[in-house]
Structure formats: C-alpha cells, structure tokens
Amino acid sequence: MELTASQTDALTELINIGYARAASALSDLTGHRISLEVPEVAVHTIPEITDRLQSLIQGEVASVNQVFSGPITGNGILLLDREAALLLNRLLTDRPTVSGFDGAAREVITEVGNIVLNACLGAFGNLLKIQVSFTVPALQIESVQNVLHTLTIENQRLEYALIIHTCFHLRASDVRGYLVIILGVTSLATLLSELKKWEDRELK
C-alpha cells in the first residue's frame, strides 16, 4: 500500500509535531539540546516491513513497545540497533560505554521510548481529536523478526505498519532508529480519515 502525497505530507507533519514535543521533553530531562528528525514515512504490510527492517537492522535490537487503543488501535515501537541504543544511553547519561544492556541502560532506553511514543501517539489523540489510551511501555532485546512476529492486538494479527525513519541529534552525534506504528486495516482507514479531517481544519 502506498500513501498519497497529501497523506504522506500530513502524516509527516503530525509525526514532526510529536517529535518536537519529544525532543523538548528529552532536552529538559537530560540538560542537553536534542532534536528529532523524520526523514521518511511509508506504509508497508507486516511481511514487507519485517523484510525491510531486517535488511536495515542486523542482530539484536532494543525495542520499546507500547500498545495503544481507542478509535485507532495498535502498537507503537521504537527500534534501535544494539550500537545505536548503547550510544544513545552514553550520550544521554555521560556514563562510560557499556558492552551490554545493564539495568541502568535498560531504564534509559525504556524512558526514551516512553517519551517518544507518548509524544507521537499523543499527537494523534490531541490533533486528530480522538481519545487514545496507552499501556506501560516494555523493553525487549531480541531480533526484529521476533519483535514483529509476536505482536497481536486482541488476538487479531495486525496487517499494516507505518515505518518512520528517526534520527536523534545530540552532542554533535546522530543516533538513527525507527519508529514503527502497527495497525489493523480498520485502524489504518480511521487514521487516514482523521488525517483528512485534520488537514481540512488546518486549511480553514
């Protein structure tokens, strides 16, 4: 499935608003100026996104997963490869580089994911004027295939995923990752419909 140019622009603008909120919260939390960039947004089926992400991220990934529900229901996931996740932890905390995900590193990555996901999914709710509720985020360290394979909502297999290339800019370094929003057919249709209403309101 391909988004129209108008849908892509509207969705990118919406995610950018969420990212601006997330960057502000992370900057306040860490005392470092942080910005977040959205270079690309696209929609894929779950099999397509599994193959695509496996080609982009090798080995273990740190994934922060948050289930959201309401008129739009699905999963939001922040994905960082091992190197990117550990670099982000070091840049945010000034701790020496660690070789693995100790308890402190897990807490930092989970909190970053929580802030980014809440800001973006919250933007869906606030700007599209729909009620969205969230679960507590959970961190997993495993392969992309395992992360995506186990995702279901109310025992129904999810079908589509928005993949948003993500770049954290902080302390003269770039940390790249992916924000993935996984939806069923009905939720995707609702999202695109609400995006159109939002665009129409913005043009008035």
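Residues numbered from 1 in each chain as written. Predicted model: local features only at pLDDT ≥ 70, side-chain atom pairs only at ≥ 80, totals over all residues. Heavy atoms only, no water.

(A) Structural detail: the overall build of the chain. Scanning the chain from N- to C-terminus turns up six helices and nine strands. Radius of gyration (C-alpha) of the chain: 16 Å, near the 17 Å computed for a compact globule of 204 residues. For the chain, the spread of C-alpha atoms along the principal axes amounts to about 50 × 35 × 30 Å. Residue burial in the chain is summarised as follows: out of 204 residues, 50% are buried. Long-range contacts, defined here as pairs at least 24 residues apart, represent 72% of the contacts in the chain between residues at least 6 apart. As displayed, the chain offers around 9500 Å² of accessible surface, 49% of which is attributable to carbon and sulfur atoms. Here the chain contributes 15 positively and 23 negatively charged side chains, and the mean placements of these two sets differ by 4 Å. (Helix = DSSP H or I, 4+ residues; strand = E, 2+ residues; numbered from the N terminus. Rg over C-alpha atoms; globule rule 2.2 N^0.38 Å. Buried < 20%, exposed > 50% of the residue type's maximum accessible area, 1.4 Å probe, protein only. Contact = heavy atoms within 4.5 Å. Areas by Shrake-Rupley, 256 points an atom, 1.4 Å probe, with all protein chains shown as cover. Lys, Arg positive; Asp, Glu negative; His and termini not counted. Charge placed at Lys NZ, Arg CZ, Asp CG, Glu CD.)

(B) Quick peek at the nonpolar core. Formed by 55 residues in total, the largest nonpolar core has its most connected members in Phe168 and Ile181. Once residues lying within four places of it in the same chain are set aside, the contact partners of phenylalanine 168 are Leu26, Ser35, Leu36, Leu78, Leu80, Leu88, Val112, Val116, Ser173, Asp174 and Val175. If you look at the next biggest cluster of nonpolar residues, it comprises 17 residues, including Ile49, Val147, Tyr178 and Val180. (Core = buried A, V, L, I, M, F, W, Y, C linked by side-chain atoms within 4.5 Å.)

(C) The arrangement of the pattern of salt bridges in detail. Following the criterion strictly, the structure yields four salt bridges and no others. Across the pair glutamate 60 and arginine 82 runs a salt bridge, and its minimum N-O distance is 3.0 Å. Residue glutamate 60 is found in strand 2 (residues 60-69), and its partner arginine 82 is found in helix 3 (residues 82-93); the two are separated by 22 residues along the sequence. The class for arginine 82 is partly exposed, based on a relative accessible area of 33%. A salt bridge links aspartate 200 to lysine 196; the nearest nitrogen and oxygen atoms lie 3.0 Å apart. A residue pair is termed a helical-turn pair when its members lie 3 or 4 positions apart in one helix, as aspartate 200 and lysine 196 do in helix 6 (residues 185-203) at four residues. Its relative accessible area of 31% is what places aspartate 200 among the partly exposed residues. (Salt bridge = Lys/Arg side-chain N within 4 Å of Asp/Glu carboxyl O.)

(D) Region of the structure containing the state of the cysteines. As enumerated under the stated definition, the model contains zero disulfides in all. Free cysteine cysteine 120: the closest other cysteine sulfur is in cysteine 167, separated by 14 Å. With a relative accessible area of 0%, cysteine 167 lands in the buried category. (Disulfide = S-S within 2.5 Å.)

(E) Fine view of the packing of helix 3 against helix 4 (residues 103-128). Axis separation between helix 3 and helix 4 bottoms out at 10 Å; the angle between their running directions is 90°. For the element pair helix 3 / helix 4, the angle class is roughly perpendicular. Between helix 3 and helix 4, the contacting residues are Ala85, Leu88, Asn89, Leu92 and Thr93 on the first element and Ala104, Ala105, Val108, Ile109 and Val112 on the second. Residue composition of the contact of helix 3 with helix 4, by class: eight nonpolar, two polar and no charged. (Axes fitted to C-alpha atoms, helices over the stretch in contact; angles between N-to-C directions. Parallel < 35°, antiparallel > 145°, perpendicular 65-115°, else oblique. Nonpolar A, V, L, I, M, F, W, Y, C, P; charged D, E, K, R; others polar.)

(F) Broad picture of helix 3. Over its 12 residues, helix 3 runs 17 Å from end to end, which matches the ideal 16 Å to within 8%, given 1.5 Å per residue. What helix 3 keeps buried is the set Ala84, Ala85, Leu86, Leu88, Asn89, Leu91 and Leu92. With a side-chain oxygen positioned 3.3 Å from the backbone nitrogen of glutamate 83, the residue opening helix 3 is aspartate 81. (Expected span 1.5 Å × (residues − 1). Polar contact = N/O pair within 3.5 Å; in protein donor to acceptor, adjacent residues only side chain to side chain.)

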